[in-house]
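So you can see what is in the structure, the chains are spelled out below.
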Amino acid sequence: MNRIIMFIKGLDRKVLLLAVGGLLLVLNLGRMAWDAYGNQLDEAEAQLALLGQYQQTVKKLPNIKKKVARQKQRAARLKKFLFTGSSEEEVSSAMQIMLQERVTKAGLEPESIRPLIKGGQKNAPQDFNEIEVKIRLAGNLSQLIDFLAQLYRSDKLFQIESFTLKPYKNTEMKIFLDLKGFYSLKNV
């Protein structure tokens, strides 16, 4: 131990400082190399995790493709039940004519068939839209049942929102129907 102390005392201070500086430099370089190695390991683990997620997603892809195909088929079937036209006015006119035809065919007396066009609404494009139709009729119960049967047998989609029946004369009644008709607009 004395020899080491004697050796250190025998060295010049400059050499001693250079040796300590060199030792610190080597230790610092070692720390930097260790940090770089750790960063590479972290990056490799992150890429492995992403690869695992990608593999799981790829495994789900056939099922997702099947679901998309089913949704496309359902959308195509639904589109057949929608009114189509280039404008909301054209569609509401077609709805009104169809309903007028069904009412007359059922033997009911139409007092009014009014589609309510909301207009001015420029929301995000949708696959389908709806128009509310207010109908006032006069007739008997069997005629109403015949009209509803025709409506539900038709190839167009309507939803009855509400209806009211009021007695009128001896065997007739006043019928108030609120319907929703569904449509899609053609791309012009």
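Residues numbered from 1 in each chain as written. Predicted model: local features only at pLDDT ≥ 70, side-chain atom pairs only at ≥ 80, totals over all residues. Heavy atoms only, no water.

> Explanation requested: unusual backbone geometry in the structure shown.
Excluding glycine, residues mostly have negative phi values, and the peptide bonds linking residues are mostly trans. With phi around 60 degrees, Lys 169 is a residue other than glycine that occupies positive phi space. Relative to the helices and strands, Lys 169 is located in the loop between strand 4 (158-168) and strand 5 (172-185). (Helix = DSSP H or I, 4+ residues; strand = E, 2+ residues; numbered from the N terminus.)

> Sorry, what's going on with the nonpolar core here?
Within soluble globular proteins, side chains that are nonpolar tend to cluster in buried spots. Met 95, Leu 99, Val 133, Ile 135, Phe 147 and Phe 158 are the most contacted members of the largest nonpolar core, which totals 22 residues. Among the secondary structure elements, those contributing two or more residues to this core are helix 3 (88-106), strand 3 (129-139), helix 4 (141-153) and strand 5. Ignoring any residue separated from it by four or fewer positions in sequence, one finds Met 95 in contact with Phe 83, Ile 131, Val 133, Phe 158, Gly 181, Phe 182 and Tyr 183. (Core = buried A, V, L, I, M, F, W, Y, C linked by side-chain atoms within 4.5 Å. Buried < 20%, exposed > 50% of the residue type's maximum accessible area, 1.4 Å probe, protein only. Contact = heavy atoms within 4.5 Å.)

> How do you make sense of the pairing of strand 4 when you look at a structure like this?
Note on strand geometry: in a regular strand, side chains alternate between the two faces of the sheet. With ten bridges connecting them, strand 4 and strand 5 associate as antiparallel partners. Counted as the bridge partner of Thr 164 is Phe 176 from strand 5. Linking strand 4 to strand 5, which pair antiparallel, is a turn of three residues; within it Lys 169 sits at a positive phi near 60 degrees. (Pairing = 2+ DSSP bridges.)

> Whenever I open this one, helix 2 (residues 13-80) confuses me. Can you help?
Think of an α-helix as 3.6 residues a turn; residues three or four steps apart then line up on the same face. In this model helix 2 runs 96 Å from its N-terminal to its C-terminal C-alpha over 68 residues, within 8% of the 100 Å that 1.5 Å per residue would give. Along helix 2, the sharpest change in direction is near 40 degrees and occurs at Leu 61; proline Pro 62 comes one to four residues later. (Expected span 1.5 Å × (residues − 1). Bend = angle between axes of the 7 residues up to and from the residue.)

> Mind showing me how you'd approach the packing of aromatic side chains here?
The way to describe two aromatic rings as a pair is by their centre distance and the angle between their planes. Across all of its chains, the model carries two aromatic pairs by this definition. Relative to Tyr 37, the ring of Trp 34 lies with its centre 6.0 Å away and its plane at 45 degrees, an arrangement referred to as tilted. Of the two residues, Trp 34 and Tyr 37 both sit in helix 2, three residues apart, roughly one turn of that helix. Accessibility expressed as a relative area gives 62% for Trp 34, which makes it exposed. Given the relative accessible area of 44%, Tyr 37 is considered partly exposed. On the basis of an interplanar angle of 70 degrees and a centroid distance of 5.7 Å, the ring pair of Phe 83 and Phe 158 is categorised as edge-to-face. Of this pair, Phe 83 sits in strand 1 (residues 83-85) while Phe 158 sits in strand 4; the two residues are 75 residues apart in sequence, bridging distant segments of the chain. Pair check on accessibility: Phe 83 and Phe 158 agree, each one buried. Just above the ring of Phe 83 sits the side chain of Lys 156; from NZ or CZ to the centre is 5.5 Å. (Phe/Tyr/Trp six-rings, centres within 6.5 Å; stacked < 30°, edge-to-face > 60°. Lys NZ or Arg CZ within 6 Å of the ring centre and 35° of its normal.)

> Looking at this model, I keep getting lost on the packing of helix 3 against helix 4. Mind explaining?
Angle between the axes and distance between the axes: these two values describe a pair of packed helices. Across the interface, helix 3 lies against helix 4 with an axial gap of 8 Å and an inter-helix angle of 140 degrees. Classified by the angle between their axes, helix 3 and helix 4 sit oblique to one another. The crossing of helix 3 and helix 4 is right-handed. Side by side, helix 3 and helix 4 meet where Leu 99, Arg 102, Val 103, Lys 105 and Ala 106 of the first sit next to Gln 143, Asp 146, Phe 147, Gln 150 and Leu 151 of the second. Of the residues in the contact of helix 3 with helix 4, the class split is five nonpolar, two polar and three charged. (Axes fitted to C-alpha atoms, helices over the stretch in contact; angles between N-to-C directions. Parallel < 35°, antiparallel > 145°, perpendicular 65-115°, else oblique. Left-handed = near helix turned anticlockwise from the far one by under 90°. Nonpolar A, V, L, I, M, F, W, Y, C, P; charged D, E, K, R; others polar.)

> What exactly am I supposed to notice about helix 4 here?
If you check helix 4, its first and last C-alpha atoms are 18 Å apart, about what 13 residues at 1.5 Å a residue would give, namely 18 Å. Taken together, the buried residues of helix 4 touch helix 3, strand 3, strand 4 and strand 5.

> Would you explain the pairing of strand 3 in this entry?
One ladder, built from seven bridges, connects strand 2 (residues 109-116) with strand 3; its direction is antiparallel. Paired with Pro 115 across the two strands is Val 133, which belongs to strand 3.

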